[in-house]
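# Structural description and commentary
Listed below are the residues making up each chain.
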Amino acid sequence: GDFVFELANQRTGWSASQIASYWQPLQRLHLTRDRHFTHELVRQAVLESVPADLLAGIHVEIGEGMRARNAPPARRLRHWLDAGRWRDAAEDAQAAAAEAESAGLRVAARGLLVQAAQCFERCNEPALAFALRARVVGMTLSWLSADLAREPARAQTARAVGDAQTPTASRGLVQVY
């Protein structure tokens, strides 16, 4: 859960006891437990009741607050995505991928790198997105089977732009056939 009294205090100006007076009834109704909603559907219902422009700002504040407290990048990532902060999301997705890879979670690392590439595309950084996709093809080749690597390799070759990217993409495609 990403609910932190300090952030709520900063956002509302309320004291911890005032915030607790609103949080405790939610706990008694079993809608929250500690800092978490008890069910994803409850969380979604609450989020859907907040206007989108206000919600994006809240996600930015939460992401920045979590960054200031050195929260893991994988936890911050959702907030950057929900706020449309694509560069922050891309950077945290890459950092989370490195952590996942270090922990031996190769498929998760690969998925996070794909997500980072998508975010770099959304913030108009196609060269960074391309480099990450090339890395994904390499990871897929080394960790999984050539059959699974074919589709990312084909997609990477189709995205290649200019003389600098075409050889890299072509090497990945040749390796899977």
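On a predicted model such as this, the values are computed, not experimentally measured, just so you know.

The rules behind the values
Once a new chain begins, its residue numbering starts again from 1 and follows that chain's sequence as written. In view of the model being predicted, local features appear only for residues whose pLDDT reaches at least 70, and side-chain atom pairs are presented and counted only at 80 or more, with totals across whole chains, interfaces and linings using the full set of residues. Side-chain descriptors were evaluated using all non-hydrogen atoms of the structure, hydrogens and water having been removed beforehand. Just to be clear on terms, a salt bridge is a Lys or Arg side-chain nitrogen sitting within 4 Å of an Asp or Glu carboxyl oxygen. Comment: elements are numbered from the N terminus, with helices defined as DSSP H or I runs of at least four residues and strands as E runs of at least two. Only protein chains enter the accessibility calculation, which uses a 1.4 Å probe. A residue is then buried if its area is under 20% of the maximum for its type, exposed if over 50%, and partly exposed in between. Confidence scores here are pLDDT values: one per residue, from the predictor, ranging 0 to 100. Nine residue types can take part in a nonpolar core, namely buried Ala, Val, Leu, Ile, Met, Phe, Trp, Tyr and Cys, and a core is a set of them joined through side-chain atoms within 4.5 Å. Pairs of residues are marked as contacts when any of their non-hydrogen atoms sit within 4.5 Å. The term polar contact refers here to a pair of N or O atoms within 3.5 Å; inside protein, the definition further demands a hydrogen-donor-capable atom paired with an acceptor-capable atom, and it admits residues adjacent in sequence only when both atoms are side-chain atoms. For the purposes of this analysis, a disulfide is any pair of cysteine sulfur atoms at a distance within 2.5 Å. The axes are straight lines fitted to the C-alpha atoms, using for helices just the contacting stretch, and the angles between their N-to-C directions are given from 0 to 180°. Here roughly perpendicular refers to angles of 65 to 115 degrees, roughly parallel to angles under 35, roughly antiparallel to angles over 145, and oblique to all remaining angles. A crossing counts as left-handed when the near helix is turned anticlockwise from the far one by less than a right angle, and as right-handed when that turn is clockwise. Each residue gets one label: Ala, Val, Leu, Ile, Met, Phe, Trp, Tyr, Cys and Pro are nonpolar, Asp, Glu, Lys and Arg are charged, and the others, such as Gly, are polar.

### Quick word on the pattern of salt bridges
Evaluated as defined, the whole model comprises eight salt bridges. Residues R87 and E91 are paired through a salt bridge, measuring 3.7 Å at the closest nitrogen-oxygen approach. Of this pair, R87 and E91 both sit in helix α6 (residues 86–102), four residues apart, which is roughly one turn of that helix. What makes E91 partly exposed here is its relative accessible area of 38%. Salt bridges sharing common partners tie together E64, R67, R85 and D88.

### Re the confidence of the model for the protein
For the protein, the average pLDDT comes to 82, and 80% of its residues sit at 70 or higher. Averaged pLDDT values for the elements of the protein fall to 53 in helix α10 (residues 162–176) and rise to 97 in α6.

### Looking at unusual backbone geometry
Backbone geometry places N70, a non-glycine residue, at a positive phi of 60°. With respect to the helices and strands, N70 occurs in the loop between α4 (52–68) and α5 (73–83). On the basis of relative accessible area, N70 is assigned to the exposed category, the value being 67%.

### Considering the nonpolar core
What tends to happen in soluble globular proteins is that the nonpolar side chains get buried as a cluster. Within the largest apolar cluster, 19 residues are counted, with the highest numbers of intra-cluster contacts made by L112, L113 and L132. Among the elements of the structure, α5, α6, α7 (106–122) and α8 (126–143) are those that each provide at least two residues to this core. Considering each element in turn, this core owes the most residues, seven residues, to α7. For L112, the contacting residues outside a window of four places in its chain are L77, A93, A96, A97 and A100.

### Digging into the side chain of T32
With respect to the element layout, T32 can be found in strand β1 (residues 32–33). Judged by its relative accessible area of 3%, T32 is buried. Only 3.3 Å separates the side chain of T32 from the backbone nitrogen of Q27, close enough to count as a polar contact.

### Here we look at the state of the cysteines
For the coordinates displayed, the defined rule picks out zero disulfides. The cysteine C119 is free of any disulfide, with C123 supplying the nearest cysteine sulfur at 7.6 Å. C119 gets classed as buried once you look at its relative accessible area, which sits at 3%. Overall, the relative accessible area of 24% leaves C123 in the partly exposed class.

### A closer look at the packing of α5 against α6
Viewed as axis vectors pointing N to C, α5 and α6 meet at an angle of 155°, and their least axial separation amounts to 8 Å. Taken as axis vectors, α5 and α6 run roughly antiparallel relative to one another. By crossing handedness, the relation of α5 to α6 is classed as left-handed. Across the interface between the two elements, P73, A74, R76, L77, W80 and L81 from α5 touch W86, D88, A89, D92, A93, A95, A96 and E99 from α6. Residue composition of the contact of α5 with α6, by class: 10 nonpolar, no polar and four charged.

### Thoughts on the packing of α6 against α7
Direction vectors running N to C along α6 and α7 enclose 165°, while the axes themselves pass 8 Å from each other. Classified by the interaxial angle, the pair formed by α6 and α7 is roughly antiparallel. When the axes of α6 and α7 are compared, the crossing they make is left-handed. Across from W86, R87, A89, A90, A93, Q94, A96, A97, A100 and E101 in α6, the residues of α7 making contact are A108, A109, L112, L113, A116, C119, F120 and R122.

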